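Descriptive analysis of the structure
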Amino acid sequence: MIAKSDMPSINEKPPEGIKPEGSSYRVLVVDDSMFIAKQLGQIFTSEGFEVAGTAADGAQGVEKYKELYPNVDLVTMDITMPVMDGVSALEKILEFDKNATVIMVSALGKEDVVKKSLLMGAKSYIVKPLDRKKVLERVVSVLKR
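Remember, predicted model here, so these are calculated numbers, not experimental data. Each chain carries its own residue numbering, running from 1 in the direction its sequence is written. Restriction of local features to residues with pLDDT of at least 70 applies here, the model being predicted, together with a cutoff of 80 or more for giving and counting side-chain atom pairs; totals for whole chains, interfaces and linings are based on all residues. In computing side-chain properties, one takes all heavy atoms of the structure into account and sets aside hydrogens as well as water.

**Points about the packing of helix H3 (residues 86-96) against helix H4 (residues 111-120)**
- Note on geometry: axes are lines fitted to C-alpha atoms, helical ones only across the stretch in contact, with angles between N-to-C directions running from 0 to 180 degrees. Counting from the N terminus, the helices are DSSP H or I runs at least four residues long and the strands are E runs at least two residues long. Viewed as axis vectors pointing N to C, H3 and H4 meet at an angle of 5°, and their least axial separation amounts to 10 Å. Taken together, the axes of H3 and H4 are roughly parallel relative to one another. Every residue of H4 that contacts H3 at Val87, Leu90, Glu91 and Leu94 is listed here: Val113, Lys116, Ser117 and Met120.
- Residue composition of the contact of H3 with H4, by class: five nonpolar, one polar and two charged. Roughly parallel here means an angle under 35 degrees, roughly antiparallel means over 145, roughly perpendicular means 65 to 115, and every remaining angle is called oblique. Between two residues, a contact is recorded if the distance between any of their heavy atoms is within 4.5 Å. Nonpolar residues are Ala, Val, Leu, Ile, Met, Phe, Trp, Tyr, Cys and Pro. Charged residues are Asp, Glu, Lys and Arg, and all others, Gly as well, are polar.

This is the structure:
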């Protein structure tokens, strides 16, 4: 039996990560920083998203995307990573799936690389250090398009 306190109030808005049909958006987090990956994962899961998988570099991110396809709604991709940078990984993911929704994650001062990724097909970007509200605003605005 579900306790009354576990049930959402009528006025409580649903979590941001829930699709209109009621299932969670599935996110692949690609970042070589375990701290950033964990932080993004916590932001997403607390808002109703499902973290479908994680990868520590661009090459792993491309392989993980292919493995999970078509069950990934969003990829967050760090721009600078070992083995394969995020822009190269973005290119490979878009070659595989031209409709992929990828949001780049960048440190301050990487504007030229962010612009390049947006021109290539990234849907938006998030700047580190991560701000929970800004992350969700960017992600939700991209998913609602």
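That covers the picture; the talk isn't over yet.
**Here's the deal with the layout of surface pockets**
- Residues are said to line a cavity or pocket when one of their atoms sits within 4 Å of a point; the points come from a 1 Å grid over protein atoms alone, cavities being sets where a 1.4 Å probe fits but cannot get out and pockets being open sets with protein on both sides within 12 Å along at least five of seven lines. Grid points are joined across faces, edges and corners, and a volume is the space filled by probe spheres set on the points. Approximately 160 Å³ is the volume attributed to the largest pocket.
- If you go around the largest pocket, the residues you meet are Tyr125, Ile126, Val127, Pro129, Asp131, Lys134, Val135, Glu137 and Arg138.
- Contributing elements (two or more residues each) for the lining of the largest pocket: strand S5 (124-128) and helix H5 (132-143).
- If you tally residues by element for the lining of the largest pocket, the top one is H5, at four residues.
- When the residues that make up the lining of the largest pocket are grouped by side-chain class, the tally is five nonpolar, no polar and four charged.

**Description of the side chain of aspartate 78**
- Looking at the secondary structure, you find aspartate 78 in strand S3 (residues 74-78).
- A 3.5 Å cut-off defines polar contacts: any pair of N or O atoms within that distance qualifies, except that in protein one atom must be a possible hydrogen donor and the other a possible acceptor, and neighbouring residues in sequence count only when both atoms are side-chain atoms. Only 3.5 Å separates the side chain of aspartate 78 from the backbone nitrogen of threonine 80, close enough to count as a polar contact.
- In contact with aspartate 78, other than residues within four places in its own chain, are Val30, Asp31, Asp32, Gly86, Val105 and Lys128.

**Points about the side chain of threonine 76**
- Considering the arrangement of structural elements, one finds threonine 76 in strand S3.
- On the basis of relative accessible area, threonine 76 is assigned to the buried category, the value being 0%.
- Ignoring any residue separated from it by four or fewer positions in sequence, one finds threonine 76 in contact with Val27, Leu28, Val29, Val30, Leu40, Phe44, Ile103 and Val105. Per-residue accessibility, obtained with a 1.4 Å probe over protein chains only, is compared with the maximum for each type, and a residue is labelled buried under 20%, exposed over 50%, and partly exposed between these values.

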